[in-house]
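Here are the chains, one letter per residue:
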Amino acid sequence: MAPIIGVAFGKNIENDPDNNYLRAIKEFGGIPVTLYPGISQDAYANIDGLLLTGGGDLHPNSFGAAWHPSLIYVNEARDNFEMPLCRQVLEENLPVLGICYGIQIMSVAMGGNMYQDIPSEYPKKSLPHKIKRGDSAHDIQIEPNNRLREIIGKSSEQVNSAHHQAIKDVGDGFVVTARSPDGVIEAIENPSKDFVLGVQYHPERMIQTAESREHRGKLFKAFIEAASG
């Protein structure tokens, strides 16, 4: 039976047939159920896995910081919905995949903190992790002996990039499993759980080359298989 995947968004987008996240879940064998602030808890009572999707910036209240002038598209209602939801599914040991904003929610929900703006706060000269139009691109270095390395089967890979925030210190239970060449955290996971993995890039729209499509497919297939039990 196909697993039911809760897909978290900042608003109700269930009638959007072209959403990349919903399309990927369906393509690789899952049944997506959209979750958003204000929805009844009954909507996610029977999910088999949780996909935390990309979005805007986290409100700095979530990690005890002052407001940074670079912040855009902050949705505090979304933060306040997804962080307890994330903690709940972690406690239940359900499979979780976090993407961009999603990896940040995973970490902050467990006490991690953030660079609110890489260009102005990151202590080293950084890559262009975000450009004005479309996605940037850069390599990531994947550490050995972790779930991401097992899934992708490579020590390095080129990924897309569209973010100006990044994890500074990971939340409790998480370890860093990939970084970009400038040291920015690109993937984390919780090795004590069956499948809890977050990536800073956007695999749902990695479709431009055979290599990027392969990476996208491996990641979503592994997540859906984990949710299938």
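Cut-offs used in this document
Residues numbered from 1 in each chain as written. Predicted model: local features only at pLDDT ≥ 70, side-chain atom pairs only at ≥ 80, totals over all residues. Heavy atoms only, no water. Axes fitted to C-alpha atoms, helices over the stretch in contact; angles between N-to-C directions. Helix = DSSP H or I, 4+ residues; strand = E, 2+ residues; numbered from the N terminus. Parallel < 35°, antiparallel > 145°, perpendicular 65-115°, else oblique. Left-handed = near helix turned anticlockwise from the far one by under 90°. Contact = heavy atoms within 4.5 Å. Nonpolar A, V, L, I, M, F, W, Y, C, P; charged D, E, K, R; others polar. Phe/Tyr/Trp six-rings, centres within 6.5 Å; stacked < 30°, edge-to-face > 60°. Buried < 20%, exposed > 50% of the residue type's maximum accessible area, 1.4 Å probe, protein only. Pairing = 2+ DSSP bridges. 1 Å grid on protein atoms, 1.4 Å probe; cavity = no way out; pocket = protein on both sides within 12 Å on 5 of 7 lines; lining within 4 Å. Points joined across faces, edges and corners; volume = space filled by probe spheres on them. Salt bridge = Lys/Arg side-chain N within 4 Å of Asp/Glu carboxyl O.

J.: Whenever I open this one, the packing of helix α2 (residues 76–91) against helix α3 (residues 101–109) confuses me. Can you help?
T.: Between two packed helices, what matters for the description is the angle formed by their axes and the separation of those axes. α3 packs onto α2 with a crossing angle of 65° between their chain directions and a minimal axis gap of 9 Å. Regarding the angle of α2 to α3, the classification is roughly perpendicular. The handedness of the crossing between α2 and α3 comes out as right-handed. On the side of α2, the interface is formed by Arg78, Asp79, Glu82, Met83, Cys86 and Arg87, while α3 contributes Tyr101, Ile105, Met106, Val108 and Ala109. Class assignment of the residues belonging to the contact of α2 with α3 gives a composition of 7 nonpolar, no polar and 4 charged.

J.: Sorry, what's going on with the packing of aromatic side chains here?
T.: Given two aromatic rings, their pairing is described by the distance between the two centres and the angle made by the two planes. Scanning the model with the defined rule gives 5 aromatic pairs in all. Note on Tyr44 and Phe81: the rings are 6.2 Å apart at their centroids and 65° apart in plane angle, and the pair reads as edge-to-face. In this pair, Tyr44 sits in the loop between β2 (31–35) and β3 (49–52) while Phe81 sits in helix α2, placing the two residues 37 residues apart along the sequence. Each member of the pair, Tyr44 as well as Phe81, is classed as buried.

J.: Would you mind going over the sheet that holds β3 with me for this structure?
T.: By way of backbone hydrogen bonds, the strands of a sheet pair with one another, either parallel or antiparallel. The 9 strands are arranged β2-β1-β3-β4-β11-β10-β9-β6-β7 in an open sheet whose pairing can be described as mixed. Of all the strands in the sheet, the pair left with one neighbour each is β2 and β7 (156–161). Strand after strand, the sheet turns through a mean of 25° between neighbouring axes, direction not considered. Inspection of the sheet shows strand β4 (residues 96–99) paired to strand β11 (residues 196–199) by 4 bridges, in the parallel sense. When the sheet's bridge partners are listed, Ile99 is paired in β11 with Val199.

J.: I would appreciate a short explanation of the layout of surface pockets in the present structure.
T.: If you roll a probe as big as a water molecule over the atoms, it shows you where there is empty space left. What the largest pocket holds in volume is close to 580 Å³. As for the largest pocket, its lining consists of 25 residues, of which Gly54, Gly55, Gly56, Asp57 and Tyr73 are closest to the centre. Secondary-structure elements contributing two or more residues to the lining of the largest pocket are α2 and α3. Here the residues of the lining of the largest pocket are counted per class, giving 8 nonpolar, 10 polar and 7 charged. Taken as a whole, the second largest pocket holds about 240 Å³ of empty space. Together, 14 residues line the second largest pocket, and Gln158, Val159, Gln208, Thr209 and Ser212 are the ones closest to its centre. Every element with two or more residues in the lining of the second largest pocket is listed here: β6 (136–142), β7 and α6 (210–227). Here the residues of the lining of the second largest pocket are counted per class, giving 3 nonpolar, 7 polar and 4 charged.

J.: How do you make sense of the pattern of salt bridges when you look at a structure like this?
T.: Oppositely charged side chains can pair when the atoms bearing their charge come close. One pass over the structure, following the stated rule, counts 7 salt bridges. The salt bridge partner of Arg216 is Glu27, with a shortest N-O separation of 2.8 Å. Taken as a pair, Arg216 in helix α6 and Glu27 in helix α1 (residues 20–27) lie far apart in primary sequence, 189 residues in all. Judged by its relative accessible area of 7%, Arg216 falls in the buried class. With a shortest N-O distance of 2.4 Å, Glu82 and Arg78 are connected by a salt bridge. Taken as a pair, Glu82 and Arg78 lie in helix α2 at a separation of 4 residues, close to a single helical turn. Classification of Glu82 as buried rests on a relative accessible area of 0%. Among the residues examined, Arg78 registers a relative accessible area of 5% and is labelled buried. Salt bridges sharing common partners tie together Asp135, Glu204 and Arg205.

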